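Results of the structural survey
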Amino acid sequence: MIQTITLNSRPVGKPRLTDFKFVSEEMPKITTDEILLKTSYISVDPYLRGRMSEGKSYIAPFELHKPISSGAIAEVVDSNNSDFQKGDFVSGLLDWKEYQKSKGKGLLKIAPSKISLSAHLGILGMTGATAFLGLTEIGAPKRGDTIVVSGAAGAVGSAVGQIGKILGCRVVGIAGSEEKVEMLKNTFGFDEAINYNTTHNMTKAIAEACPKGVDIYFDNVGGSISDAVLANVNRFARLIICGSISIYNETSIPMGPRVEGVLIKNSALMQGFTLGDYAGKVPGAIKQLSQWLLEGKLTFAETVVEGFNNIPQAFMDLFEGKNKGKMIVKI
Ligand SMILES: NC(=O)c1ccc[n+]([C@@H]2O[C@H](COP(=O)([O-])OP(=O)(O)OC[C@H]3O[C@@H](n4cnc5c(N)ncnc54)[C@H](OP(=O)(O)O)[C@@H]3O)[C@@H](O)[C@H]2O)c1
């Protein structure tokens, strides 16, 4: 028998372990054109929280009592499909199952390389592409610009900051602990970093860290951190709204200051980003990120949790900031 994880109930506020259910099922049997996949790594991502709720979004909600799915890497352990051989590793959107069968649609074969397999869920996957495309397509960085990144020590944020440095910008990160602040400066090369959990006046701290004001804000968290950044933007600033994890678990959306005045006075651009809108540009982004990785210009961090049984907890830990870099579960 194999294990699968289904959505047992729609979370209200913070997700709880009881919102997930482990179900035993028979080992799948493959037929014509099918492959059998053994899951190697599962990506847990903040956006999955949105899919656990009902309501219209850019991606359909999970169905109750059906398997949850997310980015994953799996090994082909049996194949009746000439496009895939036993021993291939693939990445794609897969169910939270130990084993599953597939016809291979939507799966990408991972070519053997010096870069670790799990990197294809982070810096060479969805979060790396999000960082690159959000920053370059909406942020349009110019040498000397000041970029502020929230959620800076996470998967997307740590990549954004490093890309900003490669492109010649001054980069300031915001994260939730002293350890993360140190990591931003020492591992990822940010010019400044602010711990929002110990900083009383964020507006002042951002002003001090950005003496020339903020040209680009890459927002992963929303809420009061973003309010403080907004108070420091320059004329023609670009605000990339990528995520708002600080409010994903709120049962009613908290009010903040009105943004219209700031945007008008500064002729600033605020634009929501979803990777799906840039699907055609993802391969180019991944190619550039791989090149920077191989050249040593870019690095990445991962928090790797071991064990299929720990997938729900690893997901919930994202909301407690327990990850540095990409949160991944190794099966
Ligand atoms: N639009 C898109 O296409 C797209 C694609 C990928 C990701 N995203 C979004 O981008 C953001 C980052 O995603 P990721 O995968 O890179 O996750 P991540 O940043 O690796 O992990 C989440 C981090 O969020 C921070 N956090 C949690 N609760 C917070 C709160 N209340 N206030 C401030 N920070 C909080 C934590 O760091 P601290 O310790 O610093 O608090 C935590 O480590 C998410 O909002 C995600 O939904 C959007």
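Residues numbered from 1 in each chain as written. Predicted model: local features only at pLDDT ≥ 70, side-chain atom pairs only at ≥ 80, totals over all residues. Heavy atoms only, no water.

Two elements in contact, helix H2 (residues 126-139) and helix H8 (residues 282-294), have axes separated by 9 Å at closest approach and are oriented at 100°. Classed by the angle they form, the pair H2 and H8 counts as roughly perpendicular. Of the residues in H8, those in contact with Gly128, Ala129, Phe132 and Leu133 of H2 are Val282, Ala285, Ile286, Gln288, Leu289 and Trp292. Per-class residue counts for the contact of H2 with H8 are eight nonpolar, two polar and no charged. (Axes fitted to C-alpha atoms, helices over the stretch in contact; angles between N-to-C directions. Helix = DSSP H or I, 4+ residues; strand = E, 2+ residues; numbered from the N terminus. Parallel < 35°, antiparallel > 145°, perpendicular 65-115°, else oblique. Contact = heavy atoms within 4.5 Å. Nonpolar A, V, L, I, M, F, W, Y, C, P; charged D, E, K, R; others polar.)

Below, the discussion takes up the nonpolar core. Ranked by internal contacts, the top residues of the largest apolar core, which has 40 residues, are Leu135, Val149, Ile163 and Leu184. Put simply, the parts of the chain that give this core at least two residues each are H2, strand S8 (146-150), helix H3 (155-166), strand S9 (170-175), helix H4 (178-186), strand S11 (214-219) and H8. Top element by residues in this core is H2. It accounts for six residues. Filtering out sequence-adjacent residues up to four positions away, Ile163 remains in contact with Ala131, Phe132, Leu135, Leu289 and Trp292. By size, the runner-up hydrophobic cluster in this structure holds 29 residues, among which are Leu37, Ala72, Phe308 and Ala314. (Core = buried A, V, L, I, M, F, W, Y, C linked by side-chain atoms within 4.5 Å. Buried < 20%, exposed > 50% of the residue type's maximum accessible area, 1.4 Å probe, protein only.)

Let us now look at the site of the ligand. As a structural note, the neighbourhood of the ligand is formed by 29 residues, with Lys180, Tyr196, Tyr248, Phe273 and Asn323 the closest of them. Here Val156 contributes a backbone N or O atom positioned 2.8 Å from an oxygen atom of the ligand. Within the backbone of Cys242, one N or O atom sits 3.1 Å away from a nitrogen atom of the ligand. Protein contact buries 92% of the 910 Å² of open area that the ligand shows by itself. For the shell around the ligand, the elements supplying multiple residues, two or more each, are H2 and H3. The element best represented in the shell around the ligand is H2, accounting for three residues. (Near = heavy atom within 4 Å. Polar contact = N/O pair within 3.5 Å; in protein donor to acceptor, adjacent residues only side chain to side chain. Areas by Shrake-Rupley, 256 points an atom, 1.4 Å probe, with all protein chains shown as cover.)

All right, on to unusual backbone geometry then. Backbone geometry places Ala140, a non-glycine residue, at a positive phi of 40°. Following the sequence through the fold, Ala140 ends up in the loop between H2 and S8. The backbone phi angle of Ser267 is positive, close to 45°, even though this residue is not glycine. Checked against the element boundaries, Ser267 lands in the loop between helix H7 (260-265) and strand S13 (269-272).

This is a description of form; function is not addressed.
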